[in-house]
Structure formats: structure tokens, C-alpha cells
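Chain residues, written in single-letter form:
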Amino acid sequence: MEKIISTEEIAPRIHRIVITAPQIAKMWHPGQFLIIHLNEDSERIPLTICKRNLDKGELTLIVQAIGESTREICGSPAGSDIRDVLGPLGMPSDIDENFKSVLFVSGGIGITPLYPLIQRSHELGIQTTVLMGFRTAKNLILDSEVKEVANNIMIASDDGTLGEKGLALDLIAPAIEKWGKFDHVYIAGPVRMMQYTV
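Residues numbered from 1 in each chain as written. Predicted model: local features only at pLDDT ≥ 70, side-chain atom pairs only at ≥ 80, totals over all residues. Heavy atoms only, no water.

**Thoughts on helix α3 (residues 111–123)**
- The end-to-end C-alpha distance of α3 is 18 Å, a good match for the 18 Å that 13 residues give at a rise of 1.5 Å each.
- Turning to α3, the residues buried within the fold contact β4 (44–53), β5 (58–64), β8 (101–107), β9 (127–134), α4 (143–149) and β12 (184–188).
- Positive backbone phi, approximately 80°, marks G125, located one or two places after α3. (Helix = DSSP H or I, 4+ residues; strand = E, 2+ residues; numbered from the N terminus. Expected span 1.5 Å × (residues − 1). Contact = heavy atoms within 4.5 Å.)

This is how it looks when you write it as C-alpha cells:
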């Protein structure tokens, strides 16, 4: 049985949760996720893995409390047992080592699945540009982590309280103008944002 090591609200209704899962941590690759079954009466919920600590056998999840099950896990204190953790699931995201420059575009909590890819690209020596969009300044998450591994960052907020006023999509043209064309683009966020970008 796994445990919740720590939980912290990093933005309104968004929590950073660290759990034990040594076997999953060993096998996980960026782009994969896990399913948590908190207790016998809980639903099984898929969650994105943001980071891992191989030495400690721990995984970091970023969870938005929007439904009953996600509110339940976000409200569980450190030390709580987790009935089942299944994973890693899904196909890992490919990163071509021959890429010279990659663009990452995220909307809201969409930065969570992109962060491991940004980190991996940085390790491979790929120039990384990250465009992050949030509703407002108080919704900003993972900015300090991204700044450590990204070469270029631009931020937008719907209400103009952080960075440029507008959406992450509005930053694409200025990014291309400033840093040139990109070999590949990774996008994560609301469905309509991803459809528009494609």
C-alpha cells in the first residue's frame, strides 16, 4: 500500500501531491500517467506524473480539485494510505534527439504533463521555448521549475495580471519572431486551445 508523503495547495484548487510508488518511479517515462484508487469507496482517477525522485521512490502529481475524487485526494493529509496505484500507463512521449529547438505551449494546468518533456529536452541540449497561459496571476504554477530548465519563457494571463494580456496562443507569433522557427511543438491545455493551435 502506497502513501501520501506531502500535499500542498500551490494555487486555488490546485495541489502538489507527493506519493510513494517506487516500482512506478523506476519504469516511468515522460508522457505516461497513473491511476489512483484512494480507498475502497473512491473512484479510480487518472493523474499526470509531474516529477519523480528515484532515490526515494516518490512521484509528484499536480492535481486540480474539480470533482469528488480529485477533491478527496487533495483533501487527504500527509501520511494517508492509498489503496491502489496502477502505472505507468500510456505511451511515452517521443523526443527526437536531433531536434535543435522545440516549442512548448501550455494552458493552465497543461504545464504539468509538459514539464517532464521540457526537463528531458533540456538534458538533451535542445533549445526549449515555453509559452504558459493562465487565467490570472494567482493560477500560476510550476514557473520556478520551468525557469530552471527552459531557455526561453513567455507568460500570458486572460486578465493581464501576469505577463501579456491574452492567451498562450497569442504568444506563438511573437515567439517565432523572436527565436525563429521550431522543429517541433508540444501542446497541452484545453481542447479548444489545442485544436486552434493545430
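Past the structure itself, the notes keep going.
**Notes on the pairing of β5**
- Of all seven residues making up β5, six are buried, and the element is well covered by its neighbours.
- Here strand β2 (residues 14–20) runs beside β5; their pairing, made up of seven bridges, is antiparallel. Of the residues in β5, the one forming a bridge with V18 is T60.
- Where β4 and β5 come together, four bridges link them in antiparallel fashion. Counted as the bridge partner of N53 is E58 from β5.
- The antiparallel pairing of β4 with β5 creates a hairpin that spans four residues between the two strands, and G57 there sits at a positive phi of about 70°. (Buried < 20%, exposed > 50% of the residue type's maximum accessible area, 1.4 Å probe, protein only. Pairing = 2+ DSSP bridges.)

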